[in-house]
Amino acid sequence: MTFWIIEIAYLVASALFVMSLYWMNDPKTARRGVGAGVAAMALAIVGTLFNPGIVNWGYIAGAVGAGVLIGVPLSWVPLTAVPQRTAVSHAFGGLAAGLVGAAKFYLWRGEPESFTAFRTFALVAEVILGFLTFTGSLMAAGKLQEVKWIPQRPVTYPFQNAVNVGLLGLAVACGLALVYRPLELAYLFPVIVVLALTFGILLIIPIGGADMPTVISLLNSYAGLSAVAMGFVLDNKLLVIAGALDGSSGLILSIIMCRAMNRSFTNVLFGAFGQVQAKTGAAETRTAKKETPEGAAQVLEMASQVVIVPGYGMAVAQAQQRVRELYDELTKRKIEVKFAIHPVAGRMPGHMNVLLAEADIPYDKLIEMDDINPEMAQTDVVLVIGANDVVNPAARHDKTSPIFGMPIIDADKARMCLAIKRSMNPGFAGIENELYFADHTYMLFGDAKAVVGDLVKQLQGGSGLH
Amino acid sequence: MLFAPLLASAGAAEAGPAALASLLFVFLLATFIGLGVVTRVSRLLHTPLMSLTNAISAIAVVASIVITGQDHPPLINLLGAIALAASMTNIVSGFLITDRMLKMFKRPGEEKRS
């Protein structure tokens with residue numbers, strides 16, 4: 001009886017997990033997806049509690065209580081901090097997988113017949129994936145949160161990739177040895193754990209901020225795969241299914257991110273992208289043209305279509321509400337305003353969409369790169385707010401540029417471009433942006449929030465005079 | 001009999017080659033379903049998607065409950081309890097923040113917050 005209660009709970013939970021992701025295909029049904037996910041998880045937990053061997057109810061209640069106490073505040077973070085929060089939860093997911101693996105390993109020592117080659121292999125995979133996801137995600141979260149003692153720019157040293165690959169190879173070799181002699185070589189287990197923890201840190205150190213969307217997606221995938229491995233260890237289909245859903249979701253997001261940067265996984269992981277480029281050749285001194293908020297407001301008022309290109313700079317400056325006010329002022333004047341969203345804008349997939357949705361921009365105005373680019377030639381004004389590499393025309397023609405080949409938003413093809421920028425420093429990828437020196441580009445220097453606020457004030461003040 | 005112990009308490013006996021093979025099939029099919037379903041997710045929702053899958057992969061909670069709850073040496077129970085707390089954190093914060101984000105996506109025409 002108990003068997004079937006648990007199995008049926010798990011079966012229904014599996015179906016609900018699939019439906020949960022299915023309903024995410026449209027913002028209209030997406031919240032139903034969350035409901036399905038919650039129901040599935042509740043079923044899985046309640047089903048598990050029917051397990052006859054459970055006696056330590058106090059421990060369970062305590063741990064669940066602790067999880068709720070940490071989890072609830074963690075869901076209140078500002079949306080600009082969602083990438084960090086996501087990285088932290090990848091870390092928790094990896095930690096849980098690693099610890100469950102460790103617990104099983106030491107339990108199995110008391111029942112040696114459990115160490116079949118396949119299950120030991122799965123256990124090693126679970127532990128390596130789990131612990132490397134743990135430290136890797138914590139490092140990523142630290143970089144995203146800009147924690148003082150974690151360097152933002154990539155850190156490189158000689159033979160870095162050889163060291164990393166060597167470490168991982170050593171961990172795998174120890175794991176394989178453990179598959180053959182699980183009992184005699186049990187002392188290798190803590191070694192594997194330490195190697196995996198170290199590898200996680202070293203893997204993230206050489207990765208720069210601009211690559212974070214890919215890295216977070218990849219870590220998402222690892223967290224899922226560690227759950228799959230756990231499913232193999234425990235002979236549990238629900239774990240395998242839920243883990244596979246998470247793993248494939250992370251994989252797809254990573255592929256989308258890589259394509260959006262025209263880079264490969266290897267290049268992201270081992271490329272140390274984002275070191276400031278040494279200025280090469282005769283650095284011609286080009287000057288960018290400056291514009292005042294008054295002038296920019298007039299230009300915007302005359303336009304019939306305005307496309308806003310938001311980037312991470314908008315999030316850093318917390319300028320979303322001001323952008324919303326600007327959107328209101330312009331649409332009031334019957335100006336068509338659209339937002340051009342590059343897939344890697346921000347620090348995680350879809351980050352800009354969430355920030356703009358929070359500012360009450362209707363989601364039909366958030367246009368993907370491929371759909372907005374054909375409209376660029378008919379656009380009167382492009383307003384770049386805190387975006388940089390994703391609008392750099394060098395990606396199209398400059399073969400020497402590190403971002404060559406990356407699909408970009410064609411801001412330079414609009415009739416006029418206004419770019420808000422704090423200073424002329426290069427962006428996260430460490431590359432000069434040609435767009436700022438183009439003939440029809442005018443710069444608005446300053447904090448994004450302040451500048452957009454000035455534009456709004458100009459528009460509000462100006463409207464009364466006409 | 002049907003009463004095969006389910007998760008942790010089981011020895012290797014019931015996880016024979018047939019069980020492992022069927023798990024591989026499950027993994028394969030679930031991955032294909034995952035790829036199929038996730039490619040159709042609206043790009044608008046990629047951030048909520050990630051926090052949702054985050055919560056879903058905290059399904060490790062079922063394994064953690066068993067390890068925490070069963071009669072094992074205290075150290076093993078402690079490992080389980082930490083894993084359980086970590087999974088619970090992901091479940092709670094993952095679902096809550098996903099819903100919070102999804103609430104913000106306003107359909108055209110209902111953009112004004114009341």
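Bringing the overall build of chain B into the picture now. Looking only at helices and strands, chain B has 4 helices and 0 strands in total. Of the contacts made within chain B by residues no fewer than 6 positions apart, 65% connect residues no fewer than 24 positions apart.

Moving on: the pairing of strand β2 (residues 305-310) of chain A. All names here are of chain A. With respect to burial, β2 is a largely interior element, 5 of its 6 residues being buried. Of the strand pairs in this sheet, β2 and strand β3 (residues 336-341) are connected by 4 bridges, and their pairing is parallel. Note on β3: the bridge partner recorded for Ile308 is Phe339. Alignment of β2 against strand β5 (residues 381-385), held across 5 bridges, turns out to be parallel. In the strand pairing of β5, Val309 is matched with Val384.

Tallying the contact residues gives 90 residues for chain B and 102 residues for chain A. Contributing elements (two or more residues each) for the side of chain B that touches chain A: α1 (17-39), α2 (46-57), α3 (60-69) and α4 (74-104) of chain B. Element by element, the count of residues in the side of chain B that touches chain A is highest for α4 of chain B, at 27 residues.

Residue and element names in this part refer to chain A. Spatially, the 7 strands line up as an open sheet ordered β1-β7-β6-β5-β2-β3-β4, and their pairing is parallel. Lying at the two open borders of the sheet, with one neighbouring strand each, are β1 (289-290) and β4 (366-368). Docked against the sheet, helix α11 (residues 293-302) engages β2, β5, β6 (416-421) and β7 (441-445), running at close to 140° with respect to β6. Contacting β2, β3 and β4, helix α14 (residues 351-358) runs over the sheet at an angle of about 145° to β3.

Before going further, it helps to examine unusual backbone geometry. Residue and element names in this part refer to chain A. For Glu146, which is not glycine, the phi torsion reads 55° and is therefore positive. Looking at where Glu146 falls in the secondary structure, it is placed in the loop between α5 (117-145) and α6 (160-180). When the 11 C-beta atoms within 10 Å are taken as the criterion, Glu146 is described as exposed. At Asp235, a position not held by glycine, the phi torsion is positive, near 55°. Within the fold, Asp235 resides in the loop between α8 (212-234) and α9 (237-261). Take Asp235: there are 23 C-beta atoms within 10 Å of it, and that puts it in the buried class.

Residue and element names in this part refer to chain A. Compared with the 36 Å implied by 1.5 Å per residue over 25 residues, the 36 Å span of α9 between its first and last C-alpha is a close match. With 23 of its 25 residues buried, α9 lies for the most part within the structure. Remark: Asn262 follows α9 within two positions and exhibits a positive phi of approximately 55°.

The predicted model of chain A averages 89 in pLDDT, with 94% of residues at 70 or higher. Across residues 276-283 of chain A, confidence stays below pLDDT 50; counting only partners more than four residues off in sequence or on other chains, it has 5 contacts.

This part takes up the domain arrangement of chain A. Under the domain assignment, chain A is made up of domain 1 (1-71), domain 2 (90-273) and domain 3 (289-463). The gap between the C-alpha centroids of domain 1 of chain A and domain 3 of chain A is 42 Å.

Residue and element names in this part refer to chain A. Within the fold, Val316 resides in helix α12 (residues 312-316). Judged by local crowding, Val316 falls into the partly exposed class, with 16 C-beta atoms found within 10 Å. Along the sequence, Val316 and Ala81 sit 235 residues apart, while their C-alpha atoms lie 9.8 Å from each other.

On to the confidence of the model for chain B, then. All names here are of chain B. Per-residue confidence for chain B averages 85 on the pLDDT scale, and 82% of its residues sit at or above 70. Looking over chain B, one finds the lowest element-wise mean pLDDT in α1, namely 93, and the highest in α4, namely 96. Contacts for the low-pLDDT stretch residues 1-13, under 50 throughout, to residues beyond four places or in other chains number 29 contacts. Here the complex is predicted with pTM 0.89, and the ipTM for its interfaces comes to 0.90.

Residues and elements named next belong to chain A. Checked against the element boundaries, Phe50 lands in the loop between α2 (30-49) and α3 (57-74). On the basis of neighbour count, Phe50 is assigned to the partly exposed category, with 14 C-beta atoms found within 10 Å. Put simply, Phe50 and Thr2 are 48 residues apart on the chain and 6.6 Å apart in space, counted from C-alpha to C-alpha. Look past the residues within four positions of Phe50 in its chain and what remains in contact with it is Thr2, Ile5 and Ile6.

Parameters and conventions
Residues numbered from 1 in each chain as written. Chains lettered and ligands numbered in written order. Predicted model: local features only at pLDDT ≥ 70, side-chain atom pairs only at ≥ 80, totals over all residues. Helix = DSSP H or I, 4+ residues; strand = E, 2+ residues; numbered from the N terminus. Contact = placed C-beta atoms within 7 Å. Buried ≥ 20, exposed ≤ 12 C-beta atoms within 10 Å, placed from the backbone. Pairing = 2+ DSSP bridges. Axes fitted to C-alpha atoms, helices over the stretch in contact; angles between N-to-C directions. Expected span 1.5 Å × (residues − 1). pLDDT = per-residue confidence, 0-100. Domains from an automatic or database assignment.

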